[in-house]
Amino acid sequence: MTDLCDMSAVDLRRLIGRGDVSPVELMDSCLDRIARINPAVNAVVALDTERARAAARRAEAAVRVGEPLGPLHGIPVGIKDTEDTAGLRTTYGSPIHADNVPARDLGVVARLREAGAIVLAKTNTPEFAAGANTRNTVYGATGNAFDPTRSAAGSSGGSAVALACGMVPLASGSDTGGSLRNPAAYAGIVGMRPSSGLVPNERRGLGWANLPVNGPMARTVGDAALMLGAMANDDPRDPLAYTLPGEPVRGRADRYDPHRALDLGALRVAFTEDFGFAPTEQHVRRVFRHRVASLSPLFATAETATPDCAGADEAFAILRAAQFLALHLDNYRTRPHLLGPNVRTNVEEGLGYTLADYARAASVQTAIYRTFVDFFRRYDLLISPTITLSPRPWTELYPTEIDGAATRSYFHWLALAYGVTLAGHPAISLPLGVDEAGLPFGVQVVARRGGDADLLAAAAAIEAHCAGRPELTRPRPDLAGLAGRAPIARSPGFFDLG
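Just so you know, the residues in each chain are numbered from 1, in the order the chain's sequence is written. At least 70 in pLDDT is required for a residue's local features to be given in this predicted model, at least 80 for side-chain atom pairs to be given and counted, and no such filter applies to totals for whole chains, interfaces and linings, which use all residues. Values shown for side chains rest on all heavy atoms present in the structure; no hydrogens or waters enter the calculation.

1. A word on the packing of helix α9 (residues 312–334) against helix α12 (residues 415–423)
Right, on to step 1. Comment: axis = line fitted to C-alpha atoms, over the contacting stretch for helices; angle = value between 0 and 180 degrees taken between N-to-C directions. Note on conventions: DSSP H or I runs of at least 4 residues are helices, E runs of at least 2 residues are strands, and numbering of each starts at the N terminus. Following both chains from N to C, one finds α9 and α12 inclined at 75 degrees, their axes separated by 10 Å at the closest point. In this view, α9 runs roughly perpendicular relative to α12, as classed from their interaxial angle. Residues Ala312, Asp313, Phe316 and Leu319 of α9 lie in contact with α12, whose contacting residues are Ala415, Tyr418, Thr421 and Leu422. With respect to orientation, any angle under 35 degrees is reported as roughly parallel, any angle over 145 as roughly antiparallel, any angle of 65 to 115 as roughly perpendicular, and every other angle as oblique. Residues are treated as being in contact if the distance between any of their heavy atoms lies within 4.5 Å.

2. Overview of helix α1 (residues 9–17)
Right, on to step 1. Think of it in three bands: residues with accessible area under 20% of the maximum for their type are buried, residues over 50% are exposed, and the middle band is partly exposed, with areas taken using a 1.4 Å probe on protein chains only. Turning to α1, its buried residues number three or more, namely Ala9, Leu12, Arg13, Leu15 and Ile16.
Right, on to step 2. If you follow the buried residues of α1, they end up packed against α2 (23–41), α3 (49–65), β8 (170–175) and α7 (221–231).
Right, on to step 3. Residue Gly19 follows α1 closely and has a positive phi angle near 80 degrees.

3. With respect to the sheet that holds strand β1 (residues 44–47)
Right, on to step 1. Any two strands between which DSSP finds at least two bridges are classified as paired. Pairing is mixed across the open sheet formed by 11 strands, whose spatial order is β1-β3-β2-β8-β10-β9-β16-β17-β13-β11-β12. The outermost strands of the open sheet, each flanked by one partner alone, are β1 and β12 (301–304). Adjacent strand axes in the sheet meet at a mean angle of 30 degrees, parallel and antiparallel pairs treated alike.
Right, on to step 2. In this sheet, strand β13 (residues 381–385) lies alongside strand β11 (residues 268–271) in parallel orientation, the contact comprising 3 bridges. Bridge pairing in β13 links Phe271 to Ile383.
Right, on to step 3. Helix α11 (residues 355–378) contacts β11, β13 and β17 (440–446) of the sheet and is inclined by roughly 110 degrees relative to β13.

4. Observations concerning the UniProt feature "domain: Amidase" (unreviewed entry) in the protein chain
Right, on to step 1. UniProt positions are given in the numbering used here, feature names are shortened, and annotations may be inferred rather than shown by experiment. When the UniProt feature table is mapped onto this chain, "domain: Amidase" (unreviewed entry) is found at residues 25–456.
Right, on to step 2. Taken end to end, residues 25–456 is 36% helix and 17% strand, and its two terminal C-alpha atoms sit 30 Å from one another.

5. Things to note about the pairing of strand β3 (residues 118–123)
Right, on to step 1. Burial of β3 is extensive: 6 of the 6 residues sit out of reach of the surface.
Right, on to step 2. When β1 meets β3, the two strands line up antiparallel, connected through 3 bridges. Within the sheet, the bridge partner assigned to Val44 lies in β3 and is Thr123.
Right, on to step 3. Summarising the sheet, strand β2 (residues 76–80) and β3 pair through 5 bridges and their orientation is parallel.

6. A look at the environment of Tyr92
Right, on to step 1. Examined against the element boundaries, Tyr92 turns out to sit in the loop between β2 and α4 (107–114).
Right, on to step 2. Residue classification places Tyr92 among the buried positions, given a relative accessible area of 9%.
Right, on to step 3. Along the primary structure Tyr92 and Val138 are separated by 46 residues, whereas in three dimensions their C-alpha atoms are 9.2 Å apart.
Right, on to step 4. Setting aside its immediate chain neighbours within four residues, Tyr92 contacts Asp81, Thr82, Asp84, His97, Asn100, Thr125, Pro126, Glu127, Phe128 and Arg203.
Right, on to step 5. Here a polar contact is taken to be a pair of N or O atoms separated by no more than 3.5 Å, where protein atoms must pair a possible hydrogen donor with a possible acceptor and residues adjacent in sequence count only if both atoms sit in side chains. For Tyr92, the side chain forms a polar contact with the side chain of Asn100, separated by 3.5 Å.

7. Overview of the nonpolar core
Right, on to step 1. In plain words, nonpolar cores are sets of buried Ala, Val, Leu, Ile, Met, Phe, Trp, Tyr and Cys residues tied together by side-chain atoms within 4.5 Å. Counting residues in each nonpolar core, the largest one holds 102 residues, and the members touching the most others are Leu120, Met167 and Phe299.
Right, on to step 2. Per element, the largest residue contribution to this core is 9 residues, and it comes from helix α13 (residues 452–466).
Right, on to step 3. Apart from residues no more than four positions distant in its own chain, Phe299 is found in contact with Leu264, Gly265, Leu267, Val269, Phe271, Ile383 and Ile462.
Right, on to step 4. Formed by 47 residues, the second largest nonpolar core is a distinct cluster that contains Ala132, Ile402, Trp413 and Ala423.

8. What to know about the pattern of salt bridges
Right, on to step 1. Any carboxyl oxygen of Asp or Glu within 4 Å of a side-chain nitrogen of Lys or Arg constitutes a salt bridge here. This model, assessed by the stated rule, comprises 31 salt bridges.
Right, on to step 2. Asp175 is the salt-bridge partner of Arg193, the closest N and O atoms lying 3.1 Å from each other. With Arg193 in strand β9 (residues 190–193) and Asp175 in strand β8, this residue pair connects regions lying 18 residues apart in the sequence. Neither Arg193 nor Asp175 differs from the other in exposure class; each is buried.

Below is the structure:
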């Protein structure tokens, strides 16, 4: 029998609305799973148990009396610890904010609550989401759901692992250089980076910069679409979420319905192992070629091709450093001892650039964007591996080499993701079986600018095709094995950032 916490959010919402599933029982199921499994992986770092139970009781009562129900009515969610939650500790993974309890929700969290979701937990993240290994000195490390000695990636690693282990049906993430796509691939779940501006963020430090976005994380494409419908909205506080007076631009849930008819056989698809520049290990290339062989017959055309991403490494490094200067320069100058190595590195890198460097990076980004636009006149989808290498131990701050070649920075190994970030196109990480090490393998599916609904429909169709093929279905962690493991907090280096 399937535990309630393991059911899809789409099914749970339907059954809650019919009165066949109790929000209270669902909440109890999630809390029981957290209590049994979380010690082994440290995905959930704060709980709002009493308020969540009270909200579940109210949700159950609303069903009984026939009140209008939101699209996420009664569904527990995990919120990444970089996103403010009213009355619930939010640390951003930093000792500077270790005791921070926000007075109000971040806008995207408020929209999830308005849709009926119940905020149950905060999920772990690297300090200020800086890095793709989920570790910080406040809460320690998060282990991979399939091998807790290995990295969960990041920076939304806590959300990804909580989903893989059935602790919550939905969880939030954010993404600059792949921060929700990468951990989704390592956890065998779905993570979507929406088009820039679709999900507003009123706290983005550089309001007109498109690199960071918030997005949904889930176990299925349908669940991700359900969550995105609640997250997307107009918001004049975010310059990228432009508004038209009296006319809604974004946020209609039906736009993100993955079940609308879509014929994969009519699509023109390009495959790339590396976008022409990403340092992708041979192991990942081999597994990806098997996936290409399996998927290619589904489409009208399937070719090897990539947009021209010349200059992507330097452009992303400079633009990323500018964001760290905007957000963390004051902390660097006044209390550098409270900052971890990744944040310090980015700030110091930023201080070494000139305005001419920034102008060059912005020009390169613009050229890459226009190249992507032209590319998607010829193709409907672009598919790559999500991440450049199989999970390494979480004790490693970041991979310093790939197949013997040194990486350029602590984020260079994320190049498959940040090439797409620069273009601002929507992308989703879709779990497709396991790699040669028996760990989850994800592919990144990219669509044209603003084509979020088309992307979800295509990903759902691919997911449905793969559902009948054991080697391509979403892998599941060994929950019994995790429940019997010693707590990850006992591991050497648990709080050490290297």
